[in-house]
Amino acid sequence: MDASVIVVGAGPAGLMLAAELRLGGVDVIVLERLDQRTGQSRGLGFTVRTMEVFDQRGLMPRFGSLETSSAGHFGGLPLDFGILDSRWLANKTVPQSRTEEILEEWAAGLGADIRRGHEVLGLAQETEGVTVEVSGPAGIHRLRARYLVGCDGGRSTVRKAAGFDFPGTAATMEMFLADLSGVRLRPRLIGETVPGGMVMSGELENGLTRIIVCERGTPPQRRAQPPDFPEVASAWQRLTGEDISHAEPVWVSAFGDATRQVTQYRRGRVLLAGDSAHIHLPAGGQGMNASIQDSVNLGWKLAAVIRGPAGEELLDTYHRERHAVGRRLLMNTQAQGLLFLSGDEVQPVREVLTELMEYHDVRLHLARMVSGLDIRYDVGGGGHPLLGCRMPHVELVCADGKTSTTELLHPGRGVLLDLAGDDGLRRSAGPWTDRVDVVTGLPHYPGERSDLLAGTRAVLIRPDGHVAWTTESEHDLPTALTTWFGAA
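Residues numbered from 1 in each chain as written. Predicted model: local features only at pLDDT ≥ 70, side-chain atom pairs only at ≥ 80, totals over all residues. Heavy atoms only, no water.

S.K.: I keep staring at unusual backbone geometry and nothing clicks. Help me out?
M.R.: Cis geometry is found at the peptide bond from Gly308 to Pro309, where omega equals 5 degrees. Mapped onto the elements of the fold, Pro309 is located in the loop between α6 (286–307) and α7 (313–341). (Helix = DSSP H or I, 4+ residues; strand = E, 2+ residues; numbered from the N terminus.)

S.K.: Where do I start with the packing of helix α1 (residues 12–23) against helix α3 (residues 96–109) in this structure?
M.R.: Two quantities define a packed helix pair, namely the angle between the helix axes and the distance between the axes. Interhelical geometry of α1 versus α3 gives an angle of 20 degrees and a closest axis separation of 9 Å. Compared by their axis directions, α1 and α3 come out roughly parallel. Here α1 and α3 pass one another in a crossing that is left-handed. Here Pro12, Leu15, Met16, Ala18, Ala19, Glu20 and Leu23 of α1 lie close against α3, whose contacting residues are Gln96, Glu100, Leu103, Glu104, Trp106 and Ala107. Tallied by class, residues from the contact of α1 with α3 come to nine nonpolar, one polar and three charged. (Axes fitted to C-alpha atoms, helices over the stretch in contact; angles between N-to-C directions. Parallel < 35°, antiparallel > 145°, perpendicular 65-115°, else oblique. Left-handed = near helix turned anticlockwise from the far one by under 90°. Contact = heavy atoms within 4.5 Å. Nonpolar A, V, L, I, M, F, W, Y, C, P; charged D, E, K, R; others polar.)

S.K.: How do you make sense of the sheet that holds strand β27 (residues 467–470) when you look at a structure like this?
M.R.: In a beta sheet, neighbouring strands pair by backbone hydrogen bonds and run either parallel or antiparallel. Pairing within the open sheet is mixed, and its six strands lie in the order β23-β22-β25-β24-β26-β27. If you trace the sheet from one side to the other, it starts and ends with β23 (401–404) and β27, each paired once. Strand-to-strand twist of the sheet, defined as the mean angle between neighbouring strand axes without regard to direction, takes the value 35 degrees. Both strand β26 (residues 458–461) and β27 contribute to a ladder of three bridges, which runs antiparallel. In the sheet register, Val459 faces β27, and the bridge partner there is Thr470. (Pairing = 2+ DSSP bridges.)

S.K.: When you look at the sheet that holds strand β21 (residues 278–279) in this model, what are you seeing that I'm missing?
M.R.: Read from one edge of the open sheet, three strands run β12-β18-β21, paired in antiparallel fashion. The strands lining the two open edges of the sheet, one partner per strand, are β12 (168–169) and β21. Pairing of strand β18 (residues 259–261) with β21 involves two bridges; the strand directions are antiparallel. Bridge pairing in β21 places Gln261 opposite His278. The sheet strands contacting α7 are β12, β18 and β21, and the helix crosses β18 at an angle near 175 degrees.

S.K.: When you look at the pattern of salt bridges in this model, what are you seeing that I'm missing?
M.R.: Opposite charge on two side chains permits them to pair, given that their charged atoms come into close proximity. Inspection of every chain in the model, using the stated rule, returns 29 salt bridges. Taking the shortest distance from any N to any O, the salt bridge between Asp418 and Arg426 comes out at 2.6 Å. A relative accessible area of 29% places Arg426 in the partly exposed class. (Salt bridge = Lys/Arg side-chain N within 4 Å of Asp/Glu carboxyl O. Buried < 20%, exposed > 50% of the residue type's maximum accessible area, 1.4 Å probe, protein only.)

Dropping the structure here:
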């Protein structure tokens with residue numbers, strides 16, 4: 001074997017996965033077709049859940065001082081994310097190019113072998129591994145690994161070569177996206193309809209302006225190259241009457257509203273994550289964020305199976321958990337597309353939804369949905385409200401000082417949090433301490449008291465931050481530890 005895992009694609013999903021695998025002690029090769037990062041930024045900023053995920057790995061300081069905002073939308077209708085129960089708000093300023101740069105530095109620093117200019121041509125599954133045919137600087141060669149993960153985007157070579165089914169609906173319209181310099185436009189919020197289509201404009205860092213333009217009735221084209229800027233400028237002028245032809249395009253892209261999801265995220269020793277597994281209309285910046293979260297769910301599980309003694313059934317939970325999340329993602333982006341891309345015929349629906357959003361519960365439901373905070377995995381029976389949810393940030397006082405649930409997850413290991421000083425509990429977890437950190441502490445709530453951990457004496461937290469067991473669960477601690485971390 002050339003590596004335990006080969007990851008195809010060095011976008012946010014592939015780089016996040018490589019780093020998670022390295023945290024799990026697994027060697028990984030990342031193959032990227034492009035010689036260098038494009039500098040393009042289709043994804044912009046982070047949802048609240050991704051901010052939490054980066055925080056639990058100690059990554060937030062790498063991004064520097066971030067501008068956050070509580071202002072959001074659902075299908076172009078204003079939505080206040082300030083109602084969410086999180087220590088973070090969403091960020092809308094970090095370009096995807098910067099995210100990729102930081103994740104690549106992190107993954108490489110952990111020991112990931114990132115090979116640019118290496119294009120995967122084909123693959124073959126075997127009993128004990130996967131062989132990939134690669135075209136690189138030294139010519140065509142083959143690499144073998146125990147597992148292969150396709151993180152190579154919506155047109156994934158891995159998905160096609162491995163025979164994954166990819167049902168859904170084809171694109172019905174085309175939208176242009178461009179980052180421009182040398183032009184100033186009045187801000188237009190996403191969903192601003194004009195006769196004949198939808199437009200958006202907003203200022204980015206470094207004096208750039210981002211525009212999105214969708215002209216209704218324009219069929220999607222099968223493009224081998226991005227559109228020329230004059231085509232974008234003409235569409236903008238037809239819809240707004242504004243001439244932007246003098247602007248300097250930094251980059252231009254076209255995308256559609258195709259919606260597809262693979263029927264299974266794993267076929268034998270080949271797995272998919274990110275856009276390789278699901279494509280949809282970009283609505284609310286959810287695509288890149290869901291892709292990163294796919295990798296966080298998969299990374300520790302794949303590492304645990306490779307290191308042992310976790311069995312391959314743990315990998316089946318990746319499909320079970322993330323396929324459901326992806327299906328819900330497609331549903332909400334399709335709903336938003338109908339709201340901000342349709343014409344006057346949908347105006348009654350917009351008005352009804354605007355009325356419904358006057359209710360706090362409706363606003364909270366929608367905000368949690370598009371922020372990724374409504375995700376709750378089925379981890380087995382139990383009555384505690386945290387079970388299956390991601391463990392929120394809670395400060396802790398331990399014998400050797402203060403810490404937090406967030407800081408405890410930095411190494412990417414499981415955590416058993418003993419809140420009652422239970423010697424028997426810690427003895428039960430003893431055979432798993434090579435994989436799970438056992439911490440005794442008490443919650444410390446500065447300011448207004450929270451009761452997040454009320455009603456339980458201990459919680460078992462998976463490396464991805466989700467609570468897998470509490471003392472109120474129907475099964476005992478050894479059963480939960482065996483399920484998620486392998487045999488003692």
